[in-house]
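Listed below are the residues making up each chain.
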Amino acid sequence: MERYDASQIEAKWQEAWREAGCFVAKPDPDKPKYYVLEMFPYPSGNLHIGHVRNYAMGDVVARYKLSTGHAVLHPMGWDAFGLPAENAAMERQVHPGAWTYANIDNMKAQFDKLGLTLDWSREFATCDPEYYGQQQAMFIDFLEKGLVYRKNAVVNWDPVDMTVLANEQVEDGKGWRSGAPVERRELTQWFFRISDYSEELLSALDRLDNWPEKVRSMQRNWIGKSRGLQFSFSVVDGPAGYDRVEVYTTRPDTLMGASFVGISPDHPLAKTLEAGNSDLAAFNAECRKMGTSEEELEKAEKRGFDTGLRVRHPLDTAWELPVYVANFILMDYGTGAIFGCPAHDPRDLEFARKFGLPVQSTFEPLSGEHHSPEEGGEAYVPAKTETVRYISGFAGKSEQTGDEGIDSAISFCEQNGIGHGVTKFRLRDWGISRQRYWGCPIPVVHCDACGVVPEKKENLPVRLPEDVSFDRPGNPLDRHDAWRNVPCPSCGQPARRETDTMDTFVDSSWYYARFTSPGASTPTNPDEAAYWMNVDQYIGGVEHAILHLLYSRFFARAMNEAGHLPDTAREPFDALFTQGMVTHEIYMTRDDTGRPVYHFPSDVTDGKLADGTEVEIIPSAKMSKSKKNVVDPMEIITRFGADTARWFVLSDSPPERDVEWTDAGAEAASKHLARVWRVAQAAKDAPEAGQGDEDLLREMHRAIRDVTLAVESFGFNAAIARLYALTNTLAKSMAGRAAQVEAARTLAQLMSPMTPHLSEEIWAALGGEGLIATAPWPVADEAMLVDSQITLPIQINGKRRDEIKVPRDMAKDEIEALALATPAVQKALDGGTPKKVIVVPGRIVNVVV
RNA sequence: GCGGACGUGAUGGAAUGGUAGACAUAGGGGACUUAAACUCCCCAGGGCAUAGCCCGUGCGGGUUCGAGUCCCGCCGUCCGCACCA
């Protein structure tokens, strides 16, 4: 029997699919449409094994939907703008574009080897001028709709590289590339009005039933809705324009416990006071230098500066409170000012104790020991749903929950003209300006006469200039005079192009929509978008739970309002699946100084190095080049073939969990596929007549049912387990040729979403018609799913003790009689009568003695 | 601190409230072979007085004829967020 040679066979079928064009998406009025999308990759140059798992999952879905009669859209492209290309340009003097497109070529060749159902006719990269030109057109539309605006914002500024850094690019307060201390600098930046959609983005989450709860709760958290009271303190003899200080609180019920007012160092009042107070100016400057990393915040002590100003308590104007500038108050949340209630807030308590400010409880627990904060205890912060006793309440009952107290306090303040209830969100507008070259140019021109003027649409795309150099830090666009100096689109006078480019998250916020009509001369084609949207199944890593997915949800709404997406596509992803990582053991020893030394798997045998040194094995670790535990998918494909790689990454673990790559497992997968091939060949050579035809076909139909169900519910590991079982049954079957061939062909079909090449080969060898890729999915014959005889377990007091074989439709009392007659039950009864007998037809019998 | 997920053999993991451990990995034994590789067959939760019995899904309770699954309370692990007023 010929051996199964993956390398030849896989290339052959990939060519056959290409020729048949069976993965080119075509709208078809006679079929339901299905849009399956995996998050497109950054073109780093190489696929990693995590990509293989991600795309294998999408491919299972796509192939299954194809064979169940759907018009399938399964596109792929490249998230191609971004920093690595500029770094490569600096390091090896290549143009970012050249580097990126070379990487794309390389990765596409790797994609081809995986045998995916991708429709490459729709491919694009976000750095294609055709793509980013449409993005610029949308930017201009958004500008007209008021969805984009410019404002001053505090950003992380790297003074050496001369660019803004994202928070995650700042490590220990230093730029990740330059190592220079990052400054907080105020710059004029472009912002998308995502916060206008806070309420909608939040409430719509409730309807995203096919999204992981984890992602929804992360987004809820991020949007951060809170309800509270906004009111103002009147300032005693304040500077001009500052007769009131506006504060926001979610605990207005603790207003009687106020002991000071705190404002942010960035608060306008703080800045005004700086002018006449150099000590305060120094204090503020120091606060602004402070980093924002978690570690620093943890360590940073509560610091404050007494401004000397005093404000009047709104409930008792004779009561005056001091105003402090405090380092722990954020300017961009609420109003940048708070009232401090030390008794019910740990931060305020720490602050009050440091500055000798009064501590006054407003409520206490109903019962139990209570070490009050006045007497040195901790701040008392019960859940808002807990009922407490109000000591110095000014609204509502004396015994009520925090929530009730808050409601009462808000309505009391509203009635007395003190303040009003407001809803606030943590979500802030999305700053998209980047001082980078390799991104989408923001299509506006700055004119001394006309101000900020959008580029004319007929002049789009505003292309990135090719003749740039990266030998100096900073943005090459800034110093490219020929590119920068252009006439004003409005008045024609000399003006300057905006040199900031867009955050690369903008590029990935609408690519799913562009895939519906990648060649259109407008951002989308309305008919195509209406036909293909929404994405029926989106698949990607959970690391994008907030940024990319939230931005995309905002963008779909903005595009809808600008007329680029239909109303039905405001929420773009009907279902989301977040797959787990592929992990691999790390092999580690330590050098003389105790520092870890890592070893490649190929250097380790039976837990030892060649010289016999025992290595420490760290299981289930994220792959990382420096830890030497990376598995290269191309090596795996060369060794075993794409089917093996696909089969393995889908087996063993549920798709949402991590799966550990093991060499033994990959080898075993490869052996199994070779076995399937042999079993299928043997089926063809089985004798005409045999025994157990019906048993085999029954098992086959049960497998159809189980695998179909598993694939539909993302239970790929369960589907694979079931397919192992069917293979075992077929291998052992003595059935006649016809039955064996039918079972083998069905096995190939059921496997085809995971192992498409092997399945085609078996299909062809066993006389299947056409391509298995386009053959209709097998349907389980209901009649074959029910056995005439079934085995019923007999439990005694809930423990399995025996079993009986009975006809499927036997009457309850007959089953009961049979069960009672079994030796086990007879023995347990010991001549007595059972207390109770439960017969669940088709399931189980339980005898209580 | 807040939010979420999870806890089952040596390991990854199966089990609409109904036979716990499917399927696989690693392991052990055997067949084939001069030998090995390939392949095939068998064993395998723990314990014991081994035709059988007892125990067993993180711990403690509860509901039920019956709980890995449902409820209550703990313990632990992982992930996300957080000076957010």
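Predicted model, so just to flag it, every value in this text is computed and none were measured.

**What to know about the protein's contact with RNA strand B**
- Neighbouring RNA strand B are 45 residues; Thr249, Thr250, Lys302, Arg347 and Arg843 lie closest to it.
- Of all atoms in RNA strand B that approach within 4 Å of the protein, 57% are sugar or phosphate atoms.
- Backbone polar atom of Phe328 to a sugar or linking oxygen of RNA strand B: 2.8 Å apart, as the coordinates give it.
- Here a base oxygen of RNA strand B sits 2.6 Å away from a polar atom, N or O, in the side chain of Asn846.
- Across the surface near RNA strand B, the residue classes tally to 19 nonpolar, nine polar and 17 charged.

**Here's the deal with the layout of surface pockets**
- Counted as a void, the second largest pocket has a volume near 550 Å³.
- Broken down by secondary-structure element, the contributors of at least two residues to the lining of the second largest pocket are strand E27 (582–590), helix H18 (633–640) and helix H20 (663–684).
- Looking at side-chain class alone, the lining of the second largest pocket contains ten nonpolar, six polar and eight charged residues.

**Here's the deal with the UniProt feature "domain: Aminoacyl-tRNA synthetase class Ia" (unreviewed entry) in chain A**
- Mapped onto this structure's residue numbering, the UniProt feature "domain: Aminoacyl-tRNA synthetase class Ia" (unreviewed entry) falls at residues 427–584 and 622–661.
- The span residues 427–584 is 22% helical and 21% strand by assignment, and the distance between its end C-alpha atoms comes to 37 Å.

**Some points on the sheet that holds strand E33 (residues 836–840)**
- The mixed open sheet is built from four strands, whose spatial order is E32-E31-E34-E33. Since the sheet does not close on itself, it has two edges, and those belong to strand E32 (799–807) and E33, each with one partner. Strand-to-strand twist across the sheet, computed as the mean angle between neighbouring axes with direction ignored, equals 20°.
- Direction of pairing for E33 relative to strand E34 (residues 844–848): antiparallel, over a ladder of five bridges.

**Considerations on empty space enclosed by the protein**
- Tallied over the entire structure, the rule returns three cavities of 30 Å³ or more.
- Here the largest cavity defines a volume of roughly 120 Å³.
- Met90, Asp161, Arg436, Pro473 and Gly474 are the residues nearest the centre of the largest cavity, which is lined by 16 residues in total.
- Per-element tally for the lining of the largest cavity: the top contributor is helix H3 (residues 83–92), with three residues.
- Its residues assigned to classes, the lining of the largest cavity comprises four nonpolar, six polar and six charged.
- Split by domain, the residues of the lining of the largest cavity number at least three in each of domain 1 (28–127 + 510–579) and domain 2 (134–213 + 429–504).
- Estimated volume of the second largest cavity: approximately 80 Å³.
- What lines the second largest cavity is Arg63, Tyr64, Ser67, Gln749, Ser752, Pro753, Pro756, Ile772, Ala773, Ala775, Pro776 and Trp777.
- The element that contributes the greatest number of residues to the lining of the second largest cavity is helix H2 (residues 49–67), accounting for three residues.
- The residue makeup of the lining of the second largest cavity, split by class, is eight nonpolar, three polar and one charged.

**Observations concerning helix H22 (residues 716–732)**
- The terminal C-alpha atoms of H22, which comprises 17 residues, lie 25 Å apart, in line with the 24 Å expected from a rise of 1.5 Å per residue.
- Those residues of H22 that fall on the buried side of the exposure criterion are Phe716, Ala719, Ile720, Arg722, Leu723, Leu726, Thr727 and Leu730. Down the axis of H22, the buried side of the element spans an arc of 160°, and every buried residue falls inside it.
- On its buried face, H22 is in contact with H2, helix H19 (642–650), H20, helix H21 (693–712) and helix H23 (737–751).

**Here's the deal with the side chain of His51**
- Structurally, His51 is set in helix H2.
- By relative accessible area, His51 is classed as buried at 12%.
- With residues up to four places along the chain from it excluded, the contact list for His51 reads Pro41, Asn46 and Met107.

**Notes on the pairing of strand E21 (residues 451–454)**
- In the sheet, strand E20 (residues 444–447) pairs with E21 via four bridges, with the strands oriented antiparallel. Its bridge partner lying in E21, Cys447 is registered against Gly451.
- Between E20 and the antiparallel strand that follows it, E21, lie three residues.

**Quick notes on the nonpolar core**
- By size, the foremost hydrophobic cluster in this structure holds 169 residues, and its most contacted members are Phe142, Phe192, Tyr511, Tyr512, Phe555 and Trp661.
- Looking at this core element by element, the count peaks at nine residues for H2.
- Each residue touching Trp661, except ones within four places of it in the same chain, is listed here: Ile49, Val582, Thr583, His584, Met623, Val631, Ile636, Phe648, Val649 and Ala666.
- Core analysis: the second largest hydrophobic core is formed by 33 residues, Leu229, Val247, Leu269 and Cys287 among them.

**Thoughts on the packing of aromatic side chains**
- All chains considered together, the criterion is met by 50 aromatic pairs.
- Between the aromatic rings of Trp17 and Phe23, the centroid separation amounts to 5.8 Å while the plane-to-plane angle is 55°, which identifies the pairing as tilted. Taken individually, Trp17 and Phe23 each receive the classification buried, so the pair is uniform in this respect.
- One aromatic cluster is present, built from ring pairs that chain together Phe139, Phe142, Trp190, Phe192, Tyr197, Trp430, Phe505, Tyr551, Phe554 and Phe555.
- Directly above the ring of Phe328 sits Lys302, whose terminal nitrogen or CZ lies 5.5 Å from the centroid.
- A cation sits over an aromatic face here: Arg497 above Trp483, 5.4 Å from the ring centre.

**Focus: unusual backbone geometry**
- For the bond running from Leu460 to Pro461, omega is 0°, close enough to zero to count as cis.
- Locating Pro461 in the fold gives a position in the loop between E21 and helix H13 (481–484).
- Here the amide bond leading from Met533 into Asn534 is cis, since omega sits at 5°, within 30 degrees of zero.
- If you trace the backbone, Asn534 turns up in the loop between helix H16 (526–532) and strand E25 (537–541).
- Phi angles above zero are rare outside glycine, and Gln93 is one such case at about 55°.

What counts and what doesn't
- Residues numbered from 1 in each chain as written.
- Chains lettered and ligands numbered in written order.
- Predicted model: local features only at pLDDT ≥ 70, side-chain atom pairs only at ≥ 80, totals over all residues.
- Heavy atoms only, no water.
- Near = heavy atom within 4 Å.
- Polar contact = N/O pair within 3.5 Å; in protein donor to acceptor, adjacent residues only side chain to side chain.
- Nonpolar A, V, L, I, M, F, W, Y, C, P; charged D, E, K, R; others polar.
- 1 Å grid on protein atoms, 1.4 Å probe; cavity = no way out; pocket = protein on both sides within 12 Å on 5 of 7 lines; lining within 4 Å.
- Points joined across faces, edges and corners; volume = space filled by probe spheres on them.
- Helix = DSSP H or I, 4+ residues; strand = E, 2+ residues; numbered from the N terminus.
- UniProt positions renumbered as here; feature names shortened; annotations may be inferred.
- Pairing = 2+ DSSP bridges.
- Axes fitted to C-alpha atoms, helices over the stretch in contact; angles between N-to-C directions.
- Domains from an automatic or database assignment.
- Expected span 1.5 Å × (residues − 1).
- Buried < 20%, exposed > 50% of the residue type's maximum accessible area, 1.4 Å probe, protein only.
- Arc of directions from axis to C-beta.
- Contact = heavy atoms within 4.5 Å.
- Core = buried A, V, L, I, M, F, W, Y, C linked by side-chain atoms within 4.5 Å.
- Phe/Tyr/Trp six-rings, centres within 6.5 Å; stacked < 30°, edge-to-face > 60°.
- Lys NZ or Arg CZ within 6 Å of the ring centre and 35° of its normal.

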